[in-house]
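Coordinate inspection notes
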Amino acid sequence: MAASTTGPVAHHFDNLAQQQTTVRMGMWVFLVTEVLFFGGIMCAYTVYRIWFPRDFEAGSAALNVGIATVNTFLLLTSSLTITLGIRAAYAGNQKALKGWLLATIVLGSVFLGLKAREYHLDYQEGLMPTSKKVVVYEKDDEGQEHAIERSVFAINVERVLHEEKFDTAGVNTQRVQLFFIFYYAMTGLHVLHMVIGLGLLTWQLILAQRGFFQHTSRYVYIEVMSLYWHFVDLVWIFLLPLLYLAGSHTFEQAIHQFQHALGMH
Amino acid sequence: MSEPKETIFETDEHTVPSTASTMTTFAILLALTAVALTVGFSNVGPWKALVSLLVACTQAGVLAYFFMDLRQADKLTWLTVGAAIFWTGLLFLFTLTDYLTRHMAAI
């Protein structure tokens with residue numbers, strides 16, 4: 001940390017304005033690559049959603065929309081707390097800065113905790129893509145039993161959709177499985193970004209603890225990290241309608257599902 | 001000894017938004033989330049996906065303009081954001097025009 005002894009402008013910059021512009025620019029260029037990164041999978045999703053709308057709506061209806069709703073508000077509030085953190089750093093209020101960084105870390109961590117619970121519930125309900133099959137016996141019109149091979153995923157998703165009172169007529173469960181592959185890939189990538197974001201926030205909290213932000217011009221580092229954090233929020237803003245709200249849901253169902261996730265009944 | 005050089009960048013006169021304006025942005029985002037959820041939890045038929053995405057785009061716009069401070073960004077940053085939107089547009093355009101018209105080739 002040579003900069004803290006030699007002043008806030010690093011040797012390869014002409015002045016502070018140039019340094020701060022460069023720091024912001026660097027993050028924006030990185031975010032361009034991130035937009036294209038998420039754009040790729042969202043584009044693939046769009047193609048399949050247009051091809052198989054009914055099956056994707058069925059997959060969406062099987063998701064826990066209660067957790068997703070609460071998580072949306074958590075992430076939005078964390079965008080607020082980090083923005084207030086920038087102001088605290090700019091004003092040189094170290095105590096407030098640490099408080100807002102900590103609040104953002106807490107909100108992000110609760111989001112991840114709930115997401116982990118959601119994945120766990122999905123696992124318990126058997127909503128994991130698999131090629132496993134089981135033999136079931138079904139009676140035909142004459143009462144004759146026949147052994148039929150059925151996909152484990154199909155049996156599970158049909159059970160969940162039946163519980164959600166979703167009409168499964170005309171739904172192809174293999175295509176629903178495709179929806180779930182998108183669901184895990186997209187939310188998984190988002191979770192990965194959240195984990196990295198939490199790492200950055202923790203690092204800045206440590207820096208704040210060590211007095212790095214005593215130079216108030218260094219507020220720009222909080223600002224630049226907040227650009228990344230806001231971007232992660234921005235991705236979620238699109239994941240919510242694409243994955244969770246594509247199918248039919250109600251507020252009552254969301255409340256019920258959230259209470260279920262917390263083990264309240 | 002070299003003379004201190006003039007910056008080649010545009011002058012960068014950033015001010016940090018006041019707490020009041022930050023809270024206003026947050027309130028707008030909360031209201032838009034309420035709209036997104038109301039649309040998501042209702043049955044507005046085939047337009048649901050389009051309306052949901054329009055609301056999401058508005059939310060993203062507010063978030064980028066105020067929280068990500070595009071409001072004060074220089075031309076180079078706007079160009080960078082524009083490039084991201086442009087290339088993502090191309091990504092969608094060429095992928096969709098290919099995949100959604102393939103059945104037309106099967107004459």
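For the structure itself, consult the block above.
Here is a short report on the structure shown in this document. (Residues numbered from 1 in each chain as written. Chains lettered and ligands numbered in written order. Predicted model: local features only at pLDDT ≥ 70, side-chain atom pairs only at ≥ 80, totals over all residues.)

Description of the overall build of chain A
Secondary structure summary: chain A contains nine helices and two strands in total. Each helix (α) and strand (β) of chain A, taken in turn from the N terminus, gives the series α-α-α-α-α-β-β-α-α-α-α. The proportion of buried residues among the 265 residues of chain A is 38%. Here the analysis covers contacts within chain A between residues at least 6 apart in sequence; of these, 75% occur between residues at least 24 apart. (Helix = DSSP H or I, 4+ residues; strand = E, 2+ residues; numbered from the N terminus. Buried ≥ 20, exposed ≤ 12 C-beta atoms within 10 Å, placed from the backbone. Contact = placed C-beta atoms within 7 Å.)

A few points about the environment of Pro241 of chain A
Mapped onto the elements of the fold, Pro241 of chain A is located in helix 8 (residues 219-244). Its 23 C-beta neighbours within 10 Å are what place Pro241 of chain A among the buried residues. Along the primary structure Pro241 of chain A and Tyr123 of chain A are separated by 118 residues, whereas in three dimensions their C-alpha atoms are 22 Å apart. The residues touching Pro241 of chain A, leaving out its near neighbours within four places in the chain, are Ala36, Gly40, Ser52, Leu53 and Ala56 of chain B.

Some words on helix 6 (residues 152-163) of chain A
Residue and element names in this part refer to chain A. With twelve residues, helix 6 should reach 16 Å at 1.5 Å per residue; the first-to-last C-alpha distance of 17 Å fits that figure. If you check which residues of helix 6 are buried, you get Phe153, Val157 and Leu161. In a view along the axis of helix 6, the buried residues occupy a sector of 60°, so they form one face of it. Exposed and facing more than 90 degrees away from the buried side of helix 6 are His162 and Glu163. Check the buried side of helix 6 and you find it contacts helix 3 (53-61), strand 2 (145-151) and helix 7 (173-209). Looking one or two residues beyond helix 6, the residue adopting positive phi is Lys165, at roughly 60°. (Expected span 1.5 Å × (residues − 1). Arc of directions from axis to C-beta.)

Quick word on helix 1 (residues 19-40) of chain B
Taking 1.5 Å of rise per residue, 22 residues should cover 32 Å, and helix 1 of chain B covers 31 Å from first to last C-alpha, within 8% of that figure. Of the surrounding secondary structure, the elements contacted by the buried residues of helix 1 of chain B are helix 4 (65-91) and helix 8 of chain A together with helix 2 (48-67) of chain B.

A few points about the packing of helix 4 of chain A against helix 5 (residues 94-124) of chain A
Residue and element names in this part refer to chain A. Viewed as axis vectors pointing N to C, helix 4 and helix 5 meet at an angle of 165°, and their least axial separation amounts to 8 Å. Considered as vectors, helix 4 and helix 5 are oriented roughly antiparallel to each other. For helix 4 against helix 5, the interelement crossing comes out left-handed. Considered class by class, the residues forming the contact of helix 4 with helix 5 number 17 nonpolar, seven polar and three charged. (Axes fitted to C-alpha atoms, helices over the stretch in contact; angles between N-to-C directions. Parallel < 35°, antiparallel > 145°, perpendicular 65-115°, else oblique. Left-handed = near helix turned anticlockwise from the far one by under 90°. Nonpolar A, V, L, I, M, F, W, Y, C, P; charged D, E, K, R; others polar.)

Observations regarding the interface of chain B and chain A
Many descriptions give the size of an interface as the accessible area lost when the pieces come together. Listed per partner, the contact involves 42 residues of chain B and 45 residues of chain A. At the level of elements, helix 1, helix 2 and helix 3 (75-99) of chain B are the ones that each hand at least two residues to the side of chain B that touches chain A. For the side of chain B that touches chain A, the element with the highest residue contribution is helix 3 of chain B, accounting for 13 residues.

Notes on unusual backbone geometry
Although it is not a glycine, Lys165 of chain A sits at a positive phi angle of roughly 60°. Position of Lys165 of chain A among the secondary structure elements: in the loop between helix 6 and helix 7. Assessed through the 9 C-beta atoms surrounding it within 10 Å, Lys165 of chain A is described here as exposed. One non-glycine residue, Asp69 of chain B, lies in the positive phi region at around 60°. Among the structural elements, Asp69 of chain B can be located in the loop between helix 2 and helix 3. The class of Asp69 of chain B is buried, set by 21 C-beta atoms lying within 10 Å.

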